[in-house]
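Listed here are the chains, written in short residue letters.
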Amino acid sequence: MKKISCLCVSLILLLCSACGNTESARMATENHQENHQVSTEVSSLQNADMVSQNQLTYSNLDSNASILEIEDILTEAGISTNYVDTVLSWVTDYNDSMRGCQSFSLAGDFITIDEMAVDYGEYYPMSTQWFKLNHRNYHDVVCRIVAYELNQDNISVGNVIKKEDFDCWNENTAWLYTDGDILFGREAIEGDHKTYVPFPLIDWDKNVQAEYFTLFNPIHITEQCSEQEMFQAICEQWNEQEISFKESAFSLITFWTQSGDRICASHAATLIEMNNGYLLFEKTNPESPYAATKFSSTNEVKCYLYNMMHLDYLRYDDEIGTYIILQNDKLL
């Protein structure tokens, strides 16, 4: 969740064409001056001061009324009823398990707060609630899994990577290690939780799993890259994997950050365009609640995403560093 900048439409189209075909590389070379302007504007995403909204209107879907409202919004946007029902079953399962967690109070119906982010507290009490009090020997789903479940009909992956190349097998180096725990299970050799089994409410076949890891696998890049370099690397990788997106009333939101020589979608969500604004639906963190938040503009969406990510990094005395936010394959 991060900072703000509006790119000129023509320049966005120029950048995003790199995700569709290799002709953009030639065009970028021939139009150095235009690309320099784009790079400057993209850089302002990080360097400009955030102009944040003063209030947030959100729900953690812990009421029948909010569940029905979100169900209507998601299905009216064109998301498959099966996907919506699946995700809402995950919401109910989480809320039933975590309602007594001392880190937060689940919001049922939509509420408005005078804050720019929602602080759900530290991970440890949430993990204790999930694993100990509820005797769960599997992880709850992460933001990327929720976002992909809802957006999968809009995403095409023509060149999937091999299962052995999924970035989830090495506990020490894999960015998507938790994703692997959830989708495949894991046998623990020590600790309180003797075995992890796959999340029981997910029923993805091998093709969906391969598309998922192809889309979200980390991308290698030079250390301390710029926003422009980060965006270009994503476009090139997605072009190589033949990843494309349909345009519709709902879209995949990804928040990309860097660690060492790799970048990854550190957060993912679903953005719904409505008649009176926008709704962002997300799993806020691996252990923390689901949330549906209403906004009047995409500028507010970007503010919120940055504020939430910034809050999470602060827990570990860390900084976000270079980042970009994508709506499907375009800069938000």
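Read on for a plain summary of the structure. None of these values were measured; they are calculated from a predicted model. (Residues numbered from 1 in each chain as written. Predicted model: local features only at pLDDT ≥ 70, side-chain atom pairs only at ≥ 80, totals over all residues. Heavy atoms only, no water.)

Let us now look at the overall build of the chain. A count of helices and strands for the chain gives 11 helices and 13 strands. When each of the 332 residues of the chain is scored for burial, the buried share is 54%. The contacts in the chain between residues at least 6 apart in sequence include a share of 74% that link residues at least 24 apart. (Helix = DSSP H or I, 4+ residues; strand = E, 2+ residues; numbered from the N terminus. Buried < 20%, exposed > 50% of the residue type's maximum accessible area, 1.4 Å probe, protein only. Contact = heavy atoms within 4.5 Å.)

With seven of seven residues buried, strand β10 (residues 277-283) lies mostly within the body of the structure. Where strand β9 (residues 262-274) lies against β10, five bridges are found, and the strand directions are antiparallel. Residue pairing across strands places Leu271 opposite Leu280, the latter belonging to β10. Note: β10 against strand β11 (residues 290-295), six bridges, orientation antiparallel. The residue of β11 that forms the bridge with Phe281 is Ala292. Between β10 and β11, which pair antiparallel in sequence order, lie six residues. (Pairing = 2+ DSSP bridges.)

Our next topic: the layout of surface pockets. A volume near 980 Å³ is recorded for the largest pocket. Along its surface, the largest pocket is lined by 39 residues, and Tyr123, Ser266, Asn285, Pro286 and Asp312 are the ones closest to its centre. The element best represented in the lining of the largest pocket is helix α11 (residues 298-314), accounting for five residues. Residues that form the lining of the largest pocket fall into these classes: 17 nonpolar, 13 polar and nine charged. (1 Å grid on protein atoms, 1.4 Å probe; cavity = no way out; pocket = protein on both sides within 12 Å on 5 of 7 lines; lining within 4 Å. Points joined across faces, edges and corners; volume = space filled by probe spheres on them. Nonpolar A, V, L, I, M, F, W, Y, C, P; charged D, E, K, R; others polar.)

With that settled, consider the packing of aromatic side chains. Scanning all chains against the criterion turns up 21 aromatic pairs. Residues Tyr306 and Tyr323 carry aromatic rings whose centres are separated by 5.9 Å and whose planes lie at 35 degrees to one another, so their mutual orientation is tilted. Of the two residues, Tyr306 sits in helix α11 while Tyr323 sits in strand β12 (residues 323-327), which places them 17 residues apart along the sequence. Each member of the pair, Tyr306 together with Tyr323, is buried. Here the aromatic residues Tyr148, Phe166, Trp169, Phe184, Trp204, Tyr212, Phe213 and Phe216 are joined through ring pairs into a cluster of three or more. Over the ring of Phe184 we find Lys163, and its NZ or CZ is 4.9 Å from the ring centre. The ring of Tyr177 has Arg186 sitting right over it, with the charged end atom 4.1 Å from the ring centre. (Phe/Tyr/Trp six-rings, centres within 6.5 Å; stacked < 30°, edge-to-face > 60°. Lys NZ or Arg CZ within 6 Å of the ring centre and 35° of its normal.)

Any functional reading would require information that these geometric values do not contain.
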